[in-house]
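Below are the chains, spelled out letter by letter.
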Amino acid sequence: DTEVTQTPKHLVMGMTNKKSLKCEQHMGHRAMYWYKQKAKKPPELMFVYSYEKLSINESVPSRFSPECPNSSLLNLHLHALQPEDSALYLCASRPELTRYGYTFGSGTRLTVV
Amino acid sequence: GQSLEQPSEVTAVEGAIVQINCTYQTSGFYGLSWYQQHDGGAPTFLSYNALDGLEETGRFSSFLSRSDSYGYLLLQELQMKDSASYFCASLGDDKIIFGKGTRLHILP
């Protein structure tokens, strides 16, 4: 298995809703990432998990809450989002911290209404 | 701060060769990677240079010069399916920072 699987692929939520994005990989990668990408912009780093511990939080608002239950799974819990949070949310993993490229999931396209 | 500069758009003809340049200014630099992203899709890893020199993978090659803080992606025998955005990205200190991306337009 050489993929990063993200679910759901599309999500529409209201500003008072609570939802979660899920990311799964079975490549034994120990670094996992959440990125946010707006249209025609590069991906922006949100969170980094290394060996299941949060190692980087790029000053992300608390309405985004990451969780890494085990080495294969990464969640992003969403609560009280704003319309400007609508974007493509990408999960990625990497086998070592300083080598090779990321493997990206296909993303969740989130629309906040 | 950390920044990567690349042209916003490049246009080339099908069958030709195109080079996309990237200059970077980052701390804790380990290497430069390149990603391709089609509209509506996710980024796909193309190549990674940790050392100076040229890396070749099929029609794509990538070059790095650490002393010049410069790299490029070379695409040969361009095909219409190569129309996409291309991002250079620097690896360092546990994270990747992306350039703003180069939109490649290919003319028949």
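Please read these numbers as outputs of a predicted model, since none were measured by experiment.

Focus: the interface of chain B and chain A
- Opposite the 18 residues of chain B that make contact, chain A presents 24 residues.
- In total, about 1600 Å² of surface goes out of reach between chain B and chain A, with carbon and sulfur atoms giving 61% of it.
- Contact with chain A buries area across many residues of chain B, yet B:Asp94, B:Lys95 and B:Phe98 alone supply 36% of it, more than any other trio.
- Inspection of the region where chain B meets chain A yields zero salt bridges.
- Applying the counting rule to chain B against chain A returns four residue pairs in polar contact (both at pLDDT 80 or more).
- Counted by class, the side of chain B that touches chain A contains 10 nonpolar, four polar and four charged residues.

Regarding the side chain of B:Ser65
Residues and elements named next belong to chain B.
- Take Ser65: it is sitting in strand 7 (residues 60–65).
- Residue Ser65 is classed as buried on the basis of its relative accessible area of 7%.
- Side chain to side chain, Ser65 and Ser67 meet in a polar contact 3.4 Å long.
- A polar atom in the side chain of Ser65 sits 3.0 Å from the side chain of Asp68.
- Apart from residues lying up to four places away in sequence, Ser65 is in contact with Tyr24, Asp52 and Tyr70.

As for the nonpolar core
Residue and element names in this part refer to chain A.
- Counting residues in each nonpolar core, the largest one holds 22 residues, and the members touching the most others are Trp34, Phe64, Leu76 and Leu78.
- Those elements that place two or more of their residues in this core are strand 2 (10–13), strand 3 (18–25), strand 4 (31–37), strand 5 (44–50), strand 7 (64–70), strand 8 (73–79), strand 9 (87–94) and strand 11 (108–112).
- If near-sequence neighbours (up to four positions away) are discounted, Phe64 is found in contact with Met46, Phe47, Leu76, His77, Leu78, Leu81, Asp85 and Tyr89.

Cut-offs and rules
Residues numbered from 1 in each chain as written. Chains lettered and ligands numbered in written order. Predicted model: local features only at pLDDT ≥ 70, side-chain atom pairs only at ≥ 80, totals over all residues. Heavy atoms only, no water. Contact = heavy atoms within 4.5 Å. Buried area = accessible area lost by both parts, 1.4 Å probe. Salt bridge = Lys/Arg side-chain N within 4 Å of Asp/Glu carboxyl O. Polar contact = N/O pair within 3.5 Å; in protein donor to acceptor, adjacent residues only side chain to side chain. Nonpolar A, V, L, I, M, F, W, Y, C, P; charged D, E, K, R; others polar. Helix = DSSP H or I, 4+ residues; strand = E, 2+ residues; numbered from the N terminus. Buried < 20%, exposed > 50% of the residue type's maximum accessible area, 1.4 Å probe, protein only. Core = buried A, V, L, I, M, F, W, Y, C linked by side-chain atoms within 4.5 Å.

By themselves, these figures tell us nothing about what the structure is for.
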